[in-house]
Number of protein chains: 2
Amino acid sequence: MGQVTIQQVARAAGVSPSTVSNLLNGRIERMLPATKDRIDAAIAELGYRPNRAARQLRTGRTRTLGLVVPSVGNPFWGAFARELESAALAQGYNLLLCNSERDPERERRYVEELWEDGVRGMVLCTSLPSLAHLAPTIERGLHLVTFDRPAQPDDPASVVSISINNPMGGYLAASHLIELGHRRLAFISGSLRSVNRTARYRGFCSALEAAGIDVDDMPSWPGMDAVPFGDVEAAEVGRRAAHELFSRADRPTAVVAINDMTALGVCRGLRDLDLRVGKDVSVVGFDDIVLADLYDPPLTTIRQPIAEMARLAVEEIIASETRSDTEAGRSVLLRPELVVRASTAPPAAAGTEAEISA
Amino acid sequence: MGQVTIQQVARAAGVSPSTVSNLLNGRIERMLPATKDRIDAAIAELGYRPNRAARQLRTGRTRTLGLVVPSVGNPFWGAFARELESAALAQGYNLLLCNSERDPERERRYVEELWEDGVRGMVLCTSLPSLAHLAPTIERGLHLVTFDRPAQPDDPASVVSISINNPMGGYLAASHLIELGHRRLAFISGSLRSVNRTARYRGFCSALEAAGIDVDDMPSWPGMDAVPFGDVEAAEVGRRAAHELFSRADRPTAVVAINDMTALGVCRGLRDLDLRVGKDVSVVGFDDIVLADLYDPPLTTIRQPIAEMARLAVEEIIASETRSDTEAGRSVLLRPELVVRASTAPPAAAGTEAEISA
DNA sequence: ACCTTCCGGTGTATCGATGCACTGACACTA
DNA sequence: TAGTGTCAGTGCATCGATACACCGGAAGGT
């Protein structure tokens, strides 16, 4: 099929394949500038491109990174995938994308498949507390960066984790509402069985405590532990939670949602009940997806600096591929940022009532 | 690094590597059942997985498909990428994802890079009228499926195209509004220099003509041709268009947007002007992304059956890899579907005025 | 008894790039 | 002049799986 090989280039340039290979791999100090020019010319003329399979077979390496996200159907992960691809491209790496659909088994399968494809560096967006299912592959030399999941005590030592400071994010969201005068706050999320979700919730709670509000008095949504969280379903979770929480007598005046998709679902649910977001009820999201700003009303939210995180993730992987395996991984925590828009406001008149009854 | 090879398996099973290879490639009729069992046992015991690079070097094939989308940051493409991955996975293929950012040069680079990676089947989501920049690779044997871009007369013969019937979509959107009583309709889009966009616009126009409305009398947005369209920018385009179109005297009573992101931008722009979507102005989007239903008001839109399209795309690629190269590609056109929600309604009182002045 | 066919395999060249071990030519040094 | 170094390359085994030519033995036909 007209494959141009390194031998043909060598012949055209009047050198041996080894010398071409040396050039290809940056060892240009091993040849005269004139030789280099001849080889460059031959490469250009023949339109030669190295065969990756052969290269990989020989070296065991690939210029490909793996990315496992819950689902690119979710705008947050889609945006992150895009940023990560840009960052990888900038370093000369390709990106192999996988959607785990938050299924640990599928996650494990993908990681192993990527490994077999020769991918040695991967970014894993998981919130599972344990990485035990990946331990065998990590031991074989996988360089893993987890995203949106702070390091855990029993993680393998080489794992790098990149995440925002989730407790701080939860804290920022709740204290913003408290400063506006809210005293009855609800936290809405699907299952909390994930590291970052519990972290956000912890931050939420500590803001309440700092303001002298008893967390146990807050209206809570019983379905929180039961509902399996997916990404397309995130909005549905928010909607159902809103329906249930706001048709009760002790309803809150403000809500912190686990992410923007859930927040949008909450807004939808509130609208179903003829409650106005940003007037009757305040809502804070998390992530700052593009749609947060487009929504009506524009959503107050906690921004994650995804471009910076993506860049960091790629750099960490590349660094970890060059440094020795024995070196321990790091854990990078970035600052979340409160973005105030129109979905939050001081509590309405009804809020005052609730405050008295509290 | 502890790679288990076919030789080790062969040794363990007491056969030659060739026989193991035969088993691996489904040629089990060339061995005794007992031999097959011994090999299977050896594979299981050693945890052997074939080395892809070696396999690919030898055969030139890969079980990987390429997907080039404008940007997974756009929820529509994110959702499509997810569906395509599922479809590929179901057929035992992996997916290599690339974001072209609608840059033809980047698109070409990616296609060639995928080709060099051994990827022989790709789904390309482009709206460029010409595929000339990919012709060399297609001639070398690339199996290309274009998505969201109907076949063009001078496309290479082997190209398969999968798309909805875009003119019909535009027609459905416009006639829905006409049936509601609207007579002043605007079509909002970024640059129309793309096949499917002009197709949607043509459908829009023919619905007007069928109703005896003169397209040239319709308020149009001068920036339509000038603004470069991106995906994150789509919403911004809609917003700016709304600002300009609706601060004029001959403003329309209804809008058809080129896609949902633009439609959401339009809604945002209308809100800036204190116009109520679904009351003062009707808006129809295109795609039916998840957020269309979550928005306030929920967006009337033209749905694309992405799951079915993704499945079809994968099947076409796999089919085209097995059938001879000389066979011509097909063009599949699916039916779009009008999904009526709350962003459209009969024209308000102001609409009647406009009708009189027309 | 001889030839053919089929079965159940095996031996080996091959895919293309890599990198180590090596070499010939030359320069410098003691 | 022998000894030591450096420069600018070259030769070749190698990675793991595959395909194809080949082969011994048994069965079947005449």
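Since the structure is predicted, the reported quantities are computational estimates derived from the model, not experimental observations.

What about empty space enclosed by the protein?
Taken as a whole, this structure holds eight cavities of 30 Å³ or more when the rule is applied. As a volume, the largest cavity reaches approximately 250 Å³. Lining the largest cavity are 16 residues, with A:Gln56, A:Asp117, B:Gln56, B:Thr62 and B:Asp117 sitting closest to its centre. Among the elements of the structure, helix 4 (52–59) of chain A together with helix 4 (52–59) of chain B are those that each provide at least two residues to the lining of the largest cavity. For the lining of the largest cavity, the class distribution of residues is six nonpolar, six polar and four charged.

A short note on the environment of B:Ile178
Residues and elements named next belong to chain B. Relative to the helices and strands, Ile 178 resides in helix 8 (residues 166–179). The spacing of Ile 178 and Leu 208 is 30 residues in sequence and 7.8 Å in space, taken between C-alpha atoms. The contact partners of Ile 178, leaving out residues within four places of it in the chain, are Arg 183, Leu 185, Ala 207, Leu 208, Ala 211 and Ile 213.

Digging into the pattern of salt bridges
Applying the stated criterion across every chain yields a total of 45 salt bridges over all chains. Close ionic contact of B:Glu113 with A:Arg52 constitutes a salt bridge, the shortest N to O distance being 3.7 Å. You can see B:Glu113 sitting in helix 6 (residues 104–116) and its partner A:Arg52 sitting in helix 4, one on each of two chains. B:Glu113 gets classed as buried once you look at its relative accessible area, which sits at 18%. Relative accessible area serves as the criterion here: at 24%, A:Arg52 is assigned to the partly exposed category.

Notes on the UniProt feature "domain: HTH lacI-type" (unreviewed entry) in chain A
Under the present numbering, the feature "domain: HTH lacI-type" (unreviewed entry) in UniProt falls on residues 4–59 of chain A. This span, residues 4–59 of chain A, is 68% helix and 0% strand, and a straight line between its end C-alpha atoms measures 20 Å.

Scoring rules and cut-offs
- Residues numbered from 1 in each chain as written.
- Chains lettered and ligands numbered in written order.
- Predicted model: local features only at pLDDT ≥ 70, side-chain atom pairs only at ≥ 80, totals over all residues.
- Heavy atoms only, no water.
- 1 Å grid on protein atoms, 1.4 Å probe; cavity = no way out; pocket = protein on both sides within 12 Å on 5 of 7 lines; lining within 4 Å.
- Points joined across faces, edges and corners; volume = space filled by probe spheres on them.
- Helix = DSSP H or I, 4+ residues; strand = E, 2+ residues; numbered from the N terminus.
- Nonpolar A, V, L, I, M, F, W, Y, C, P; charged D, E, K, R; others polar.
- Contact = heavy atoms within 4.5 Å.
- Salt bridge = Lys/Arg side-chain N within 4 Å of Asp/Glu carboxyl O.
- Buried < 20%, exposed > 50% of the residue type's maximum accessible area, 1.4 Å probe, protein only.
- UniProt positions renumbered as here; feature names shortened; annotations may be inferred.

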